[in-house]
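As a plain string of letters, each chain reads:
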Amino acid sequence: MTNVLRTAVLLLACSTASADDRVVEADLLVVGGTESGCAAAVQGVRSGVKRVVLVNDVDWLGGQFSAEAVGAIDENRAHGYDGTVPIPRSGLFREVIDAVETKNAELYGGVKRPGHTRVITTVRPVVAEGVFRELLAPHERSGRLRRFSNYRVREVQKDGNRVTGVVFTSTAGEAPLVVRARMTIDASDWGDVVQGAGAAWDAGLDARAEYDEPSAPASGEPATDMNPITWCMILVQHDEPVVAPVPDGYDPRYFTGQWGWIDQKFAYTSRRLVDGAGFEQIDHPDVLLVNSPPIDYPLDVYPADVAAALEATEPGASRKNLVAMTPAQREIVFRDARRHSLKFLHHLRSRFPKFRHMALSEEFGTPDRLPPKPYVRESLRLVAKHVVREQEVLGFGSRSNYATTMYPDAVFSWQFELDFHPTKRSWTTDAGPDGPWEATFRGNRRFGRGGTGRCVFPLRALVPSKVTGLLGAQKNLGYTSIVGSSCRLHDQSMHAGQAAGAVAAVSLKHDVPPESIAFDADRMTEVWSSLVDPSDGMPLAVWPFADVKPDDEAFAAIQQLALRRLLPLTARDTSFQPDAPASATWQKAVRDSLQTHGYQVDVADKPSTRREVAIAVWKVVENGSMPTRKWAKPGDADGDGLRDDVDPLPFTPGTDSWKVDPKSDGVPDSKLLAGENVLAFNFTSPKGPAIAGFTNDVGRPFDDERGFGWSADLTASNRLRGAAAGTVRDGFVFTRKSDAWECRLPNGRWQVVACLGDSGHDQPGQHLVVEGVKVARDVDTSAGSFQEVETSADVRDGRLSVEIGTPRGGSNSCLNWIVIRPASRPND
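Residues numbered from 1 in each chain as written. Predicted model: local features only at pLDDT ≥ 70, side-chain atom pairs only at ≥ 80, totals over all residues. Heavy atoms only, no water.

S.K.: I'm lost on the packing of aromatic side chains in this one. Help?
M.R.: To describe a pair of aromatic rings, one takes the distance between the centres and the angle between the planes. Using the criterion set out here, one finds 31 aromatic pairs in the structure. Arranged with centres 5.6 Å apart and planes meeting at 65°, the rings of F519 and F651 form a pair that is edge-to-face. You can see F519 sitting in the loop between α12 (514–517) and α13 (521–532) and its partner F651 sitting in the loop between α16 (610–621) and β20 (679–683), a full 132 residues away along the chain. For F651, a relative accessible area of 21% corresponds to the partly exposed category. Both rings, one in F681 and one in W741, keep their centres 5.0 Å apart while their planes meet at 70°; by these two values the pair is edge-to-face. (Phe/Tyr/Trp six-rings, centres within 6.5 Å; stacked < 30°, edge-to-face > 60°. Helix = DSSP H or I, 4+ residues; strand = E, 2+ residues; numbered from the N terminus. Buried < 20%, exposed > 50% of the residue type's maximum accessible area, 1.4 Å probe, protein only.)

Right under this line is the structure:
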């Protein structure tokens, strides 16, 4: 949006409790029983906060997992639904998932993951709610955590610019509740405390001029455009057909346009929670989550009857962003979203035989059997001490790499697609707003339009820019709309809450404002220690290594060293390789990095693995103090001309955490071409220029006389970008599935260096295999960035074999060039 929004209606400079109000004193108040709120409360208690109060607007705990019914657990993802995660599950999210899978095994004859669907773990919402209740229970029994349900924010108490408490109204007929607290975390669905405190916030589109994001639209209009809500449905299989009346207002034209391709298989299996056919020991019906695009409910404009009902409450209400609406106004929208989902259920039953045996679950106890809340993908966005921008979270040179900006005040990590569901309501008949509609995409706000690198989230993005005594959580965070589309899932929301709880605990312990912690090395160390090396619970992955699990004995040591930038890492080093031998070269690089940062560490017992080096080094480092962060001048810690409030890297000049890796520039090292028996191939189009030292390959099939070529004719699959530059990286041969290239060679061992990428377009998910060894798996390259890979290959049949792509297809693999040189003397 072009203007920062404030909610004056809820703003009170000071509020006084009446004699009839219930007053509770707390050190930490958490507003919202969402997954983020529960995580914040538990982390607060575990971090030593004596009096924590959690106030929820409904009785259900767990947010997306339960009250919103998103029981197909979405989590960090790098490359589609392939059963893997780019960052190991960790922290309180891992505790919840472990508990969920234990419950599932008890319910389903030992099967922990009963959905057999696209996501890894599924759970019925009622089971997930019980898991969150059990997560809180020991802390409630200890008396350090008190929980109140069915209370809605009415007023926010302030002393000057500091939040000191919140007044709640009961939705169950109880007396008002007043909680006075030294610190408050807003983990509510709609940023109720942020709004009530008068903190600055945004909602809707961000215009490109606001944050210079490359994918942002030029205009911030319409101000109501945001990721849609969805009223999910949980369906349970019945033996007999289900008889139900046709919902009022049903018209098949709501669902037969853009989403008419959805067939029975997709609708039935894509978000299945329980596959009744998948058990050997028990009989159980199928249980489905319906959360597909036809029931996404856009928020840009409303049907005529909804708009009229909103206008009756307040002139202009139908043009307000959903976040800015009153609870009563939101309920008008919610009522229509619920009706829309029920229409789609009827549509499924009318089209697909399987759905005629599916009935709404009774687990929510609501009159319409729908969950108590919609799936909330986007809320308000905090105008924070730092607002995370798209250009900061994109992978540096490749989506497979770390993000461009790895903040020094990191508090959790994530990776996901920039993922907008349909944000535009399109009328499907001449009746316009009085007739049926469907959810469609506006411009480039669409599914899967690329994604982030392996990111970290800064502490500063939890802290309001001006109001004190308040932290954001859930989706009330300091990021843009584009970044928020990738940082909104089950695990990410829990991580945000856990981080907020840890920051609040350190702030309360030392009586310092949270924003100061990001600029205080000792306090930042405390936050990290409480997250990556907790005395109770599962450690949290703050640095996004792909291969270090939280139960690894060296997890805390590796995390602490990485967060201090004491490891010799490039943007590509997303795996630590803890079991790899600690070579002399690598150990020297570690020592050099430590010395650069002011540490003198010598590992005397010569550890044999990287894991052992990390443990030994951390034992020395943790007993010393972290080098002090020094300011070059007030307000600009690194003296780079960027104010600290807009500088993503306040202690490092510039905005990029990495230097360009020579292996990502697409230009081969000249030393590769030196020597005898070197073969080099430039994959290009027939118009490709001759490059010194290279032989051009345009995708022709293998030919005995030529001695190299492809298993199929790929002459239609060559490209040339920027021909005037005349470099080997400008051209490539590509495949969308799998194709093989061979070159006649003497038997023996050969060094093979290959380059993948496209100077003109992003190319996600590329694969390369050399002599049966996978040397590139799911490699992403952004436009103009490349990935060089190297391996040694043993040729035994007189031909070097190279494969690009995978049989399953789905993405391009683009081969730019190959250099082949003797690794040892070839056999005669």
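Now that the structure has been shown, we can carry on.
S.K.: Before we go on, may I ask you to explain the sheet that holds strand β22 (residues 708–710) in this structure?
M.R.: Working definition: the strands of a sheet are paired by backbone hydrogen bonds and lie parallel or antiparallel to each other. An order of β22-β25-β30-β27-β28 is seen for the five strands of this open sheet, with the pairing classed as antiparallel. Looking at the sheet topology across the chains shown, the edges are occupied by β22 and β28 (773–781). The mean angle between the axes of side-by-side strands here comes to 15°, regardless of whether they run parallel or antiparallel. In this sheet, strand β30 (residues 799–805) lies alongside strand β25 (residues 738–744) in antiparallel orientation, the contact comprising seven bridges. Within β30, the position partnered with A740 by the bridge is E803. (Pairing = 2+ DSSP bridges. Axes fitted to C-alpha atoms, helices over the stretch in contact; angles between N-to-C directions.)

S.K.: Can you walk me through the pairing of strand β9 (residues 233–237) in this structure?
M.R.: Each regular strand displays side chains that alternate between the two surfaces of the sheet. Summarising burial for β9: four of the five residues are buried, a large majority. Bridge count between β9 and strand β11 (residues 287–290): four bridges; the pairing is antiparallel. Looking at the pairing, L235 lines up with L288 of β11. By the bridge criterion, three bridges tie β9 to strand β13 (residues 358–360) in an arrangement that is antiparallel. Bridged to V236 within β13 is A359.

S.K.: In this structure, what is going on with the packing of helix α2 (residues 91–107) against helix α11 (residues 490–510)? I would like to understand it.
M.R.: Packed helices, taken two at a time, are described by the angle their axes make and the gap between the axes. Relative orientation of the contacting elements α2 and α11 amounts to 130°, with a least axis distance of 7 Å. With respect to each other, α2 and α11 are oriented oblique. Contacts between α2 and α11 involve G91, L92, F93 and V96 on the former and, on the latter, H490, D491, M494, H495 and Q498. Residue composition of the contact of α2 with α11, by class: four nonpolar, four polar and one charged. (Parallel < 35°, antiparallel > 145°, perpendicular 65-115°, else oblique. Contact = heavy atoms within 4.5 Å. Nonpolar A, V, L, I, M, F, W, Y, C, P; charged D, E, K, R; others polar.)

S.K.: For this particular structure, what's the right way to read the side chain of T806?
M.R.: In this fold, T806 is placed in the loop between β30 and β31 (813–822). When neighbours within four sequence positions are excluded, T806 is seen to be in contact with K737, S738 and H767.

S.K.: Explanation requested: the sheet that holds strand β10 (residues 272–274) in the structure shown.
M.R.: As summarised here, the arrangement of the four strands in space is β10-β11-β9-β13, forming an open sheet in which the pairing is antiparallel. Each edge of the open sheet is held by one strand with a lone partner, namely β10 and β13. Averaged over all pairs of adjacent strands, the angle between strand axes in this sheet comes to 30°, irrespective of strand direction.

S.K.: Explain the pattern of salt bridges to me, please; I cannot follow it from the model alone.
M.R.: It is possible for side chains of opposite charge to pair when their charged atoms get near one another. In the structure shown here, the tally under the stated rule is 45 salt bridges. For R271, the salt bridge identified is with D74, shortest N-O distance 3.9 Å. Of this pair, R271 sits in the loop between α6 (264–269) and β10 while D74 sits in the loop between β2 (52–55) and α2, placing them 197 residues apart in sequence. In this pair, the class of R271 matches that of D74, namely buried. One salt bridge connects R272 with D275, and the closest N-O pair in it is separated by 3.8 Å. (Salt bridge = Lys/Arg side-chain N within 4 Å of Asp/Glu carboxyl O.)

S.K.: Which parts of the structure should I look at to understand the pairing of β11?
M.R.: The two faces of β11 match: V287 and L289 on one face and L288 and V290 on the other face are all buried. Bridge count for β10 against β11 is two bridges, and the pairing is antiparallel. Counterpart to V274 in the pairing with β11 is V287.

So far we have only geometry, and geometry alone does not tell us how the molecule works.
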